[in-house]
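Next come the chains, spelled out residue by residue.
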Amino acid sequence: MRNKSFVRQAFLNNKNFKTKHTIYSLSHPITKNVFYVGITERELNKRLYYHLASSRLEAGSKNRHSFIRQIISDGYVPIIEPIEDIISCTYEDYLNVFQ
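So, how was this worked out
- Residues numbered from 1 in each chain as written.
- Predicted model: local features only at pLDDT ≥ 70, side-chain atom pairs only at ≥ 80, totals over all residues.
- Heavy atoms only, no water.
- Core = buried A, V, L, I, M, F, W, Y, C linked by side-chain atoms within 4.5 Å.
- Buried < 20%, exposed > 50% of the residue type's maximum accessible area, 1.4 Å probe, protein only.
- Helix = DSSP H or I, 4+ residues; strand = E, 2+ residues; numbered from the N terminus.
- Contact = heavy atoms within 4.5 Å.
- Patch = residues over 30% accessible without salt bridge, like charges linked within 9 Å, V, L, I, M, F, W, Y side chains within 5 Å.
- Areas by Shrake-Rupley, 256 points an atom, 1.4 Å probe, with all protein chains shown as cover.
- Salt bridge = Lys/Arg side-chain N within 4 Å of Asp/Glu carboxyl O.
- Expected span 1.5 Å × (residues − 1).

## So, the nonpolar core
Here's step 1: Within the largest apolar cluster, 9 residues are counted, these being Tyr24, Leu26, Phe35, Leu44, Leu48, Leu52, Ile68, Ile71 and Ile80.
Here's step 2: If you list the elements that add at least two residues to this core, you get β1 (19–27), α2 (44–57) and α3 (63–73).
Here's step 3: Top element by residues in this core is α2. It accounts for 3 residues.
Here's step 4: Setting aside chain neighbours within four positions, we find leucine 26 in contact with Asn33, Val34, Phe35, Tyr36, Leu48, His51, Ile68, Ile79 and Ile80.

Here it is in structure tokens:
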């Protein structure tokens, strides 16, 4: 097998094995106060939809759901904004490719 650092670098350079994640915030549309920071592989509009849906289904189970329900009851929708995009790959992916 080739030099481990060469193999590792080849893996990291291969876009097929990388996953883009977005760190994002949810904030109140009027006050602009951030009430949640999360990370997702999904598009942000889809992630917001899942937050809205889960806040309807999970009554009071998490603080963010309470914030979301309150914002909706006031006639608004939370704002979702990207903070940073990161690219990641797992060590397990690395091992599966090169074993």
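## Some details on a nonpolar patch on the surface
Here's step 1: A cluster of nonpolar side chains, Val34, Val37 and Ile83, forms an exposed patch at the surface whose accessible area comes to about 280 Å².
Here's step 2: Looking at the secondary structure, you find valine 37 in strand β2 (residues 34–40).

## What to know about α2
Here's step 1: With 14 residues, α2 ought to run about 20 Å at 1.5 Å a step, and its terminal C-alpha atoms sit 20 Å apart, in line with that.
Here's step 2: All buried positions along α2 are accounted for by Leu44, Arg47, Leu48, His51, Leu52, Ala53, Ser54 and Ser55.
Here's step 3: Of the surrounding elements, those touching the buried residues of α2 are β1, β2, α3 and β3 (79–88).

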